[in-house]
Amino acid sequence: MSSTLRADPVTTASDGPASGEQLLAVRGLRTSFKTSRGELKAVDGVDLDVAAGEVLCLVGESGSGKSVLALSLLRLIEPPGSILGGEVRFEGRDVGAMPRRALRRLRGRDIGIVFQQPQGCLNPVRRIGWQVAEPLMRDGLGRAKAWDAAVELLRAVGLPAPADKASAYPHQLSGGQAQRVMIAVALALRPRLLIADEPTTALDVTVQAQILDLLRERCRAIGAAMILVTHDLGVVAKLADRVAVMYAGRIVEQGPVADLFAAPRHPYTRGLLRAAPRLGEIGERLTDIPGGIPDLARMPPGCAFAPRCDTRRALGLDRCLDEAPPVFAAGPAGRARCWALAGDAA
Ligand SMILES: Nc1ncnc2c1ncn2[C@@H]1O[C@H](COP(=O)(O)OP(=O)(O)O)[C@@H](O)[C@H]1O
Ligand code: SF4
Ligand SMILES: [Mg+2]
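Residues numbered from 1 in each chain as written. Chains lettered and ligands numbered in written order. Predicted model: local features only at pLDDT ≥ 70, side-chain atom pairs only at ≥ 80, totals over all residues. Heavy atoms only, no water.

- The name given to the protein in an unreviewed UniProt entry is ABC transporter ATP-binding protein, with Lichenibacterium ramalinae as the source organism.
- Word for word, the UniProt comment on the protein under Sequence similarities (unreviewed entry) is "Belongs to the ABC transporter superfamily."
- Its UniProt record, at the heading Subcellular location (unreviewed entry), says of the protein: "Cell inner membrane". (UniProt positions renumbered as here; feature names shortened; annotations may be inferred.)

As structure tokens, this is what we get:
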């Protein structure tokens, strides 16, 4: 292991991204669902930073809490779920303390969101041109101008014959076209952050590549940062500036993409990256690690990864079973929650 690792847990709240102005700062965020089996901790003490203009890829197995985290950032959690604690700051403003009106402005104007299933998010009985124009009209633009601007936005996201297509209904579009429309809606008001939750999972591979290129190109064009939730390591390698790895409701490792791929520090990240030799191709999935994520309604007391962890067994780390690991520095600019990093002093 690298000698640059520190023995002390990283406890300060100021270890945000080194470059770029801080846009989003998340500290200790916790979101749970009340279930018949008890409290299910979907997001369990997440710290995350996003700098202006950067692409942060959020990866992890299905069920690890990525979507709940994305929704929690915008306070879009509904019963039986609730945000129990922590802080989300966007450009320094406390999202949790925002009145309804400010929250509505935050969603759409400041932060855009694109989900996996575009068809489910578009209104089936409204022409797509109006759906793109709506946020612009809410923002004060007149109908005719908003329609013209919507056609231009549809052109910018690569919809063929946008002036005609603007009059179409969602069912008249292919999946890829519908996702282009969702991207136009999400970016209509030039938000500073786009949250894209597995935006291409439902599309075929060639369309996936086009949509991802489009997302990156449009975000760059308007200077927006992006949190991209993806299962695809090829996508991470191609798009990410930084990567956050989520496991059982926690970020277990985060750092710059090149460092994290070259020298993953957390055993879970190392497991996921076993596909690394073929990295760079879209469609490269996370490697399956034997076992599954623990039941989030019955979390073990120690490290949630302990039952699957080869490193724990190899090093004989008994404390992993009793105490949840804190955050340690991992590499030059990363951090990870793993007891194996504790004794590796510089
Ligand atoms: N509305 C809900 N009610 C109960 N449990 C939920 C709800 N939404 C998500 N969960 C649970 O939260 C956990 C995290 O889910 P999710 O964030 O969707 O995972 P991911 O996006 O990483 O696949 C899962 O155990 C899931 O079953
Ligand atoms: S804390 Fe222990 S069990 Fe958890 S990942 Fe590190 S070595 Fe493995
Ligand atoms: Mg999800």
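## Quick notes on helix α5 (residues 143–156)
- Spanning 14 residues, α5 covers 20 Å between terminal C-alpha atoms, matching the ideal 20 Å at 1.5 Å per step.
- Residues of α5 that are buried include every one of Ala146, Trp147, Ala150, Val151, Leu153 and Leu154, and no others. Projected onto a plane normal to the axis of α5, the buried residues spread over an arc of 160° and lie on a single side. More than 90 degrees from the buried face of α5, the exposed residues found are Ala144 and Lys145.
- As for α5, its buried residues are in contact with α4 (128–138), α6 (162–165) and α7 (175–187).
- Where α5 ends, the next residue or the one after it, Gly158, has phi of about 80°, a positive value. (Helix = DSSP H or I, 4+ residues; strand = E, 2+ residues; numbered from the N terminus. Expected span 1.5 Å × (residues − 1). Buried < 20%, exposed > 50% of the residue type's maximum accessible area, 1.4 Å probe, protein only. Arc of directions from axis to C-beta. Contact = heavy atoms within 4.5 Å.)

## Some details on a positive patch on the surface
- There is a patch of like positive charges on the surface, built from Arg100, Arg101, Arg104 and Arg105.
- Considering the arrangement of structural elements, one finds Arg100 in helix α2 (residues 100–110). (Patch = residues over 30% accessible without salt bridge, like charges linked within 9 Å, V, L, I, M, F, W, Y side chains within 5 Å. Areas by Shrake-Rupley, 256 points an atom, 1.4 Å probe, with all protein chains shown as cover. Salt bridge = Lys/Arg side-chain N within 4 Å of Asp/Glu carboxyl O. Lys, Arg positive; Asp, Glu negative; His and termini not counted. Charge placed at Lys NZ, Arg CZ, Asp CG, Glu CD.)

## Description of the side chain of Arg250
- Of note, Arg250 is situated in strand β10 (residues 250–256).
- Of the polar contacts made by the side chain of Arg250, one reaches the side chain of Asp44; its length is 3.1 Å.
- Arg250 has contacts with Asp44, Val46, Val245, Ala324 and Arg337, leaving out every residue within four places of it along the chain. (Polar contact = N/O pair within 3.5 Å; in protein donor to acceptor, adjacent residues only side chain to side chain.)

## Things to note about the site of ligand 1
- For ligand 1, the full set of nearby residues is Phe33, Leu40, Ala42, Glu61, Ser62, Gly63, Ser64, Gly65, Lys66, Ser67, Val68 and Leu296.
- At 3.0 Å, a backbone N or O of Gly65 approaches an oxygen atom of ligand 1.
- Out of a free accessible area of 570 Å², ligand 1 has 65% covered by protein chains. (Near = heavy atom within 4 Å.)

## Some details on the side chain of Glu198
- Along the chain, Glu198 turns up in the loop between β7 (193–197) and α8 (205–222).
- No salt bridge is formed by the buried Glu198, whose closest oppositely charged neighbour, Lys66, lies at an N-O distance of 4.4 Å.
- Discounting residues that sit within four places of it in the chain, Glu198 has contacts with Lys66, Gln116, Val229 and His231.

## Topic: the packing of α7 against α8
- The geometry of α7 relative to α8 is characterised by a closest axis approach of 11 Å and an angle of 15° between their N-to-C directions. It follows from the interaxial angle that α7 and α8 lie roughly parallel. For the crossing formed where α7 meets α8, the hand is right-handed. Of the residues in α8, those in contact with Gly176, Gln179, Arg180, Ile183 and Leu187 of α7 are Val207, Gln210, Ile211, Leu214, Leu215, Arg218 and Ile222.
- Tallied by class, the residues present in the contact of α7 with α8 amount to seven nonpolar, three polar and two charged. (Axes fitted to C-alpha atoms, helices over the stretch in contact; angles between N-to-C directions. Parallel < 35°, antiparallel > 145°, perpendicular 65-115°, else oblique. Left-handed = near helix turned anticlockwise from the far one by under 90°. Nonpolar A, V, L, I, M, F, W, Y, C, P; charged D, E, K, R; others polar.)

## Here's the deal with the environment of Leu315
- Considering the arrangement of structural elements, one finds Leu315 in helix α12 (residues 310–315).
- Between the C-alpha atoms of Leu315 and Ala340, which are 25 residues apart in sequence, the distance is 8.0 Å.

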